[in-house]
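# Coordinate analysis (summary)
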Amino acid sequence: MSCAKQQQSSSVDIRYAFSADTAYSYIAHQVQFGPRVPGTEEHEACGDWLAMQLAQHGAQVKQQHATMVNYAGEQQPIRNILAYLEGNTTQAILLCAHWDSRPWADEEEDYDLRFRAVPAANDGASGVGVILEIVRQLALRKAQGEYIPSVQVALFDCEDMGTPSHYTGQQRKDDWCLGSQYWAKHYPSALAEGTQAPIQYGILLDMVADPSATFPMETFSANYAPQYLDRMWRTAHRLGYGRYFVYQQTYYPITDDHYYVNTLAGIPCIDVIDYKPNTETGFQEWWHTLQDDMQNINQQTLQAVGETVMTTICSQ
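These numbers come from a predicted model, not from an experiment. Note that residues are indexed from 1 along each chain, following the sequence as it is written. Given that the model is predicted, a residue must reach a pLDDT of at least 70 before its local features are reported, and side-chain atom pairs must reach 80 or more before they are shown or counted; all residues, however, enter totals for whole chains, interfaces and linings. Side-chain measures here rest on the full set of heavy atoms in the structure, leaving out hydrogens and waters.

### A closer look at the overall build of the chain
This is how the line gets drawn: Helical segments are the DSSP runs of H or I of at least four residues, strand segments are the runs of E of at least two, and each set is numbered from the N terminus. Atoms considered for the radius of gyration are the C-alpha atoms alone. The globule rule reads 2.2 Å times the number of residues to the power 0.38. In this scheme, a residue with accessible area under 20% of its type's maximum is buried, one over 50% is exposed, and one in between is partly exposed, where area comes from a 1.4 Å probe on protein chains only.
When you go through the chain residue by residue, the secondary structure sums to eight helices and 10 strands. What you see for the chain is a C-alpha radius of gyration of 18 Å, in line with the 20 Å of a compact globule of 316 residues. Seen through its C-alpha atoms, the chain measures out along the principal axes to roughly 60 × 45 × 35 Å. When the 316 residues of the chain are sorted by exposure, 60% land in the buried category.

This is the structure:
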């Protein structure tokens with residue numbers, strides 16, 4: 001597929017290239033490592049591969065190794081994978097997702113299965129796969145001398161280390177999204193030191209490959225970044241993806257990595273997240289179960305998300 005603008009029948013219907021097949025392969029490769037549970041060999045190997053992929057596309061890669069207090073009050077190692085692809089803008093757009101797997105499938109009906117790690121094909125690998133393909137497409141455009149925005153990638157670790165259902169201790173505040181909390185707390189100092197490009201706004205991708213996905217206008221996104229939320233949803237509808245990007249606000253705000261990007265780093269950031277208002281959890285029936293595998297990764301959904309993000313960031 002050419003990396004040039006793809007023109008449809010209407011002169012205003014400009015599309016930017018995105019390959020769902022390539023995004024799918026990036027997701028499958030992550031899943032092949034096994035669950036990417038922090039502290040495991042699978043996690044370490046996948047992290048090395050992700051950093052290598054970003055570097056191969058010409059991005060400047062930096063990694064954050066640190067510790068955060070987890071749900072049990074213990075020091076939890078985290079590994080955030082960051083990359084910067086310089087483009088034609090002085091401010092960058094943040095593209096972010098979490099790359100870790102939940103260590104416990106605690107939404108399984110069978111209690112004994114709840115202590116197994118989630119494959120995390122959709123809840124983790126899907127957002128990362130879309131971002132890798134976007135970086136690849138931007139690198140192709142840059143190599144041909146075409147316009148691209150500057151992009152900062154942040155693959156957050158330990159998003160899914162929140163309190164498991166079997167834990168009997170007292171639940172700690174802010175026990176989810178440890179990697180993004182660390183990144184967001186250190187963004188102002190990195191910006192002041194000149195080691196971080198100033199970011200205009202951010203886009204978080206989380207669970208973006210479900211065959212029946214619907215992405216409503218998440219409440220924190222609407223509160224903190226309404227103009228960017230509106231821009232992306234208008235782009236999706238212009239491209240014909242209105243059945244995915246619905247003009248409906250979530251019943252409640254969703255605490256995800258974007259919350260800390262907004263509140264701690266002060267960067268307006270929206271969350272593209274599959275939301276199911278008629279389920280008990282608000283997510284897919286197989287969320288945080290062993291069924292979060294490649295059988296639930298849909299290329300049509302990936303195309304809708306990837307093309308919408310590409311067109312949004314390249315058309316501004």
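Back to the write-up after that little detour.
### Let's talk about the environment of Asp-256
We count it as follows: Any two residues whose heavy atoms approach within 4.5 Å are treated as being in contact.
Within the element layout of this structure, Asp-256 appears in the loop between strand 9 (245-249) and helix 7 (257-263). Apart from residues no more than four positions distant in its own chain, Asp-256 is found in contact with Glu-159, Cys-177, Leu-204, Asp-206, Asp-271 and Ile-273.

### Some points on helix 2 (residues 41-56)
Which entries qualify depends on this criterion: To estimate how far a helix should extend, the number of its residues minus one is multiplied by 1.5 Å.
When the terminal C-alpha atoms of helix 2 are compared, their 23 Å separation across 16 residues agrees well with the 22 Å that a helix rising 1.5 Å per residue should span. Buried within helix 2 we find His-43, Cys-46, Gly-47, Trp-49, Leu-50, Ala-51, Gln-53 and Leu-54. Its buried side turned inward, helix 2 meets helix 1 (20-32), strand 3 (60-69), strand 4 (75-85), helix 3 (121-143) and strand 6 (150-156).

### Remarks on the environment of Gly-242
As for its placement among the helices and strands, Gly-242 is situated in the loop between helix 6 (226-238) and strand 9. Sequence separation between Gly-242 and Glu-133 is 109 residues; the distance between their C-alpha atoms is 22 Å. Discounting residues that sit within four places of it in the chain, Gly-242 has contacts with Ala-236 and His-237.

### Topic: the packing of aromatic side chains
In plain terms, the rule: Only rings of Phe, Tyr and Trp enter the pairing, Trp through its six-membered ring, and a pair is recorded when the two centres are within 6.5 Å. The plane angle decides the type: under 30 degrees is stacked, over 60 is edge-to-face, the rest tilted.
For the structure on display, the rule yields 17 aromatic pairs. Both rings, one in Tyr-111 and one in Phe-115, keep their centres 5.3 Å apart while their planes meet at 75 degrees; by these two values the pair is edge-to-face. Of the residues examined, Tyr-111 reaches a relative accessible area of 47% and is grouped as partly exposed. Residue Phe-115 is classed as partly exposed on the basis of its relative accessible area of 41%. Cluster of aromatic residues (ring-pair linked, three or more members): Phe-220, Tyr-224, Tyr-259 and Tyr-260.

### A look at the pairing of strand 5 (residues 92-98)
Heads up, the rule is: Strands qualify as paired when DSSP identifies two bridges or more between them.
Burial runs high along strand 5: seven of the seven residues are buried. Side chains Ala-92, Leu-94, Cys-96 and His-98 of strand 5 all project onto a buried face; the interleaved residues Ile-93, Leu-95 and Ala-97 project onto the opposite face, where all are buried too. Of the strand pairs in this sheet, strand 5 and strand 6 are connected by seven bridges, and their pairing is parallel. Paired with His-98 across the two strands is Phe-156, which belongs to strand 6.

### Details of the packing of helix 1 against helix 2
So the rule is basically this: Lines fitted to the C-alpha atoms define the axes, with helices restricted to the stretch that makes contact. Angles between their N-to-C directions range from 0 to 180 degrees. Relative orientations are named as follows: roughly parallel for angles under 35 degrees, roughly antiparallel for angles over 145 degrees, roughly perpendicular for angles from 65 to 115 degrees, and oblique for any other angle. In this scheme the handedness of a crossing depends on how the near helix is turned from the far one: anticlockwise by less than a right angle means left-handed, clockwise means right-handed. Any residue that is not Ala, Val, Leu, Ile, Met, Phe, Trp, Tyr, Cys, Pro, Asp, Glu, Lys or Arg is counted as polar, Gly included; the first ten are nonpolar and the last four charged.
The N-to-C vectors of helix 1 and helix 2 enclose an angle of 155 degrees; their axes lie 10 Å apart at closest approach. The angle between the axes of helix 1 and helix 2 places the two elements in the roughly antiparallel class. Here helix 1 and helix 2 pass one another in a crossing that is right-handed. Contacts between helix 1 and helix 2 involve Tyr-26, His-29 and Gln-30 on the former and, on the latter, Cys-46, Trp-49, Leu-50 and Gln-53. Tallied by class, residues from the contact of helix 1 with helix 2 come to four nonpolar, three polar and no charged.

### Here we look at the sheet that holds strand 5
With respect to topology, six strands assemble into an open sheet ordered 3-4-6-5-7-10, the strand pairing being mixed. The open sheet is flanked by strand 3 and strand 10 (269-273), the only strands paired with a single partner. Neighbour-to-neighbour, the strand axes of the sheet open up by a mean angle of 20 degrees, direction not taken into account. Across the sheet, helix 2 touches strand 3, strand 4 and strand 6, and the angle it forms with strand 4 is around 15 degrees. Against the sheet, helix 3 touches strand 4, strand 5, strand 6 and strand 7 (199-206), its axis set at about 150 degrees to strand 5.

### Digging into helix 1
For helix 1, with 13 residues, the first-to-last C-alpha span of 18 Å sits near the 18 Å given by 1.5 Å per residue. Burial in helix 1 covers these residues: Ala-20, Thr-22, Ala-23, Tyr-26, Ile-27, Ala-28, Gln-30 and Val-31. Buried residues along helix 1 sit against helix 2, helix 3 and helix 8 (299-314). Gly-34 occupies a position one or two residues after helix 1 and carries a positive phi of about 100 degrees.

### Some remarks on the side chain of Arg-36
Put simply, the test is: In this tally, Asp and Glu contribute negative charge and Lys and Arg positive charge; neither His nor the terminal groups of the chain are included. Put simply, a salt bridge is a Lys or Arg side-chain nitrogen that is within 4 Å of an Asp or Glu carboxyl oxygen. Definition of a polar contact: a pair of N or O atoms within 3.5 Å, with one able to donate and the other able to accept a hydrogen when the atoms are protein atoms, and with sequence-neighbouring residues admitted only if both atoms are side-chain atoms.
Among the structural elements, Arg-36 can be located in the loop between helix 1 and helix 2. Buried and unpaired, Arg-36 has no salt bridge, with Asp-292 as the nearest side chain of opposite charge at 7.4 Å. A polar side-chain atom of Arg-36 sits 3.1 Å from the main-chain carbonyl oxygen of Gly-34. Leaving out residues up to four positions away in the same chain, Arg-36 has contacts with Gln-30, Val-31, Glu-42, His-43, Cys-46, Trp-99, Asp-100, Ser-101, Pro-119, Ala-120 and Ala-125.

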